[in-house]
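Observations on chain architecture
Listed below are the residues making up each chain.
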Amino acid sequence: MSLVADIIAQDPVGMEQLRAARTLALPDWCIAAGFVRNRVWDHLHGIAPPRPPADIDVLYYDANDLSRDAEARCEALLGKLMPNLPWQVRNQARMHLWKGLPQHKSTADSMLYWLETVTAVGVRLEPHGSLTVIAPLGIEDLVNLRCRPTAFGRTRRDEYENRVASKRWRDLWPRVRFLD
């Protein structure tokens, strides 16, 4: 099991959220971004229990239904299963539209167009109970406390810098090194 999967597996709250997301039976799904990044960085900084993320990003890929309504239905179902949580369900098959890019090919492919490598990591709870890590850019930056822009993020450097600053990552995780 990778370090990322091990850290998530040890978190009963995170595992309960993964079980809830799994009930949606979405294609090519995972929970990603701050759900993973924050838990890993909190763990590596000795912060326990992990701080809750600002939102719980449930990703999936369904090129046959690009409607926001489908995402909203999933958020409503998750809200019934685990109320008062900041569920955010997004079909990665439509995320290219606001970025002005060709349609992504999968959930993992969409992560290549995120701003930083440490956020482009997700986990999926499989039917038999194991965790699959989805990390098209690898987990090395995340587990080695390095933050850097993706190739796409380098083309949008101001957005990357503004995001890092607005999220207060330097304050929350002082051991993280921010690289170019």
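Whatever comes next refers back to the structure up there.
Here the structure is a predicted model, which means the values were calculated and not measured.

Another aspect to go through is the overall build of the chain. For the chain, the count of helices and strands is 10 helices and seven strands. A globule of 180 residues ought to have a C-alpha radius of gyration of about 16 Å, and the chain, at 16 Å, matches this closely. The dimensions of the chain, computed from C-alpha atoms along their principal axes, are 40 × 40 × 30 Å. Scored against the burial criterion, the 180 residues of the chain give a buried share of 48%. For the chain, contacts bridging at least 24 residues in sequence account for 68% of all contacts bridging at least 6. Carbon together with sulfur atoms contributes 53% to the accessible area of the chain, which is approximately 8,700 Å² in total. Where the 24 positive side-chain charges of the chain centre and where its 22 negative ones centre are 2 Å apart.

Below, the discussion takes up unusual backbone geometry. At the junction of Ala-48 and Pro-49, the peptide bond is cis and its omega measures out at -10 degrees in the coordinates. Backbone geometry places Ala-33, a non-glycine residue, at a positive phi of 65 degrees. Residue position: Ala-33 is located in the loop between strand 1 (30-32) and helix 3 (34-44). A positive phi angle, close to 65 degrees, is found at Asn-84, a residue other than glycine. The topology assignment puts Asn-84 in the loop between helix 4 (68-81) and strand 3 (87-91). Taking relative accessible area as the criterion, Asn-84 reaches 81% and is therefore assigned exposed.

Looking now at the pattern of salt bridges. Evaluated as defined, the whole model comprises 16 salt bridges. One salt bridge in this structure joins Asp-42 and Arg-51, with 2.7 Å as the shortest N-O distance. Looking at Asp-42, the relative accessible area reads 0%, which means it is buried. What makes Arg-51 partly exposed here is its relative accessible area of 29%. Among the salt bridges present, the one from Arg-73 reaches Asp-65, with a minimum N-O distance of 3.8 Å.

So, on to the packing of aromatic side chains. A complete count under the given rule lists three aromatic pairs for this structure. Arranged with centres 5.2 Å apart and planes meeting at 65 degrees, the rings of Trp-41 and Trp-173 form a pair that is edge-to-face. One end of the pair, Trp-41, is in helix 3; the other, Trp-173, is in the loop between helix 10 (169-172) and strand 7 (177-178), with 132 residues separating them in the sequence. Accessibility expressed as a relative area gives 2% for Trp-173, which makes it buried. Counting every residue linked through ring pairs, the aromatic cluster contains Trp-41, Trp-169 and Trp-173.

Criteria and thresholds
- Every chain begins its residue count from 1, and numbering advances along the sequence as written.
- Whole-chain, interface and lining totals are the exception, using all residues; otherwise, since this is a predicted model, local features are given only for residues with pLDDT of at least 70 and side-chain atom pairs are given and counted only at 80 or more.
- Excluded from the side-chain calculations are hydrogens and water; all other atoms, namely the structure's heavy atoms, are used.
- The way it works is that DSSP assigns letters per residue, a run of H or I at least four long becomes a helix, a run of E at least two long becomes a strand, and they are numbered from the N terminus.
- Radius of gyration: over C-alpha atoms. The globule rule applied is 2.2 Å multiplied by the number of residues raised to the 0.38 power.
- Throughout this description, buried means an accessible area under 20% of the type-specific maximum (1.4 Å probe, protein chains only), exposed means over 50%, and partly exposed covers the range between.
- Contacts were defined at the residue level, with two residues in contact if any of their heavy atoms lie within 4.5 Å.
- Computed by Shrake-Rupley with a 1.4 Å probe, the accessible areas treat only the displayed protein chains as cover when residues are assessed.
- For this count, His and the chain ends are skipped, Lys and Arg are scored as positive, and Asp and Glu as negative.
- Note on charges: their place is set at NZ of Lys, CZ of Arg, CG of Asp or CD of Glu.
- The rule for a salt bridge is simple: a side-chain nitrogen of Lys or Arg has to be within 4 Å of a carboxyl oxygen of Asp or Glu.
- Planes of paired rings set the category: under 30 degrees apart is stacked, over 60 is edge-to-face and the rest tilted, where pairs are Phe, Tyr or Trp rings (Trp by its six-membered ring) whose centres lie within 6.5 Å.

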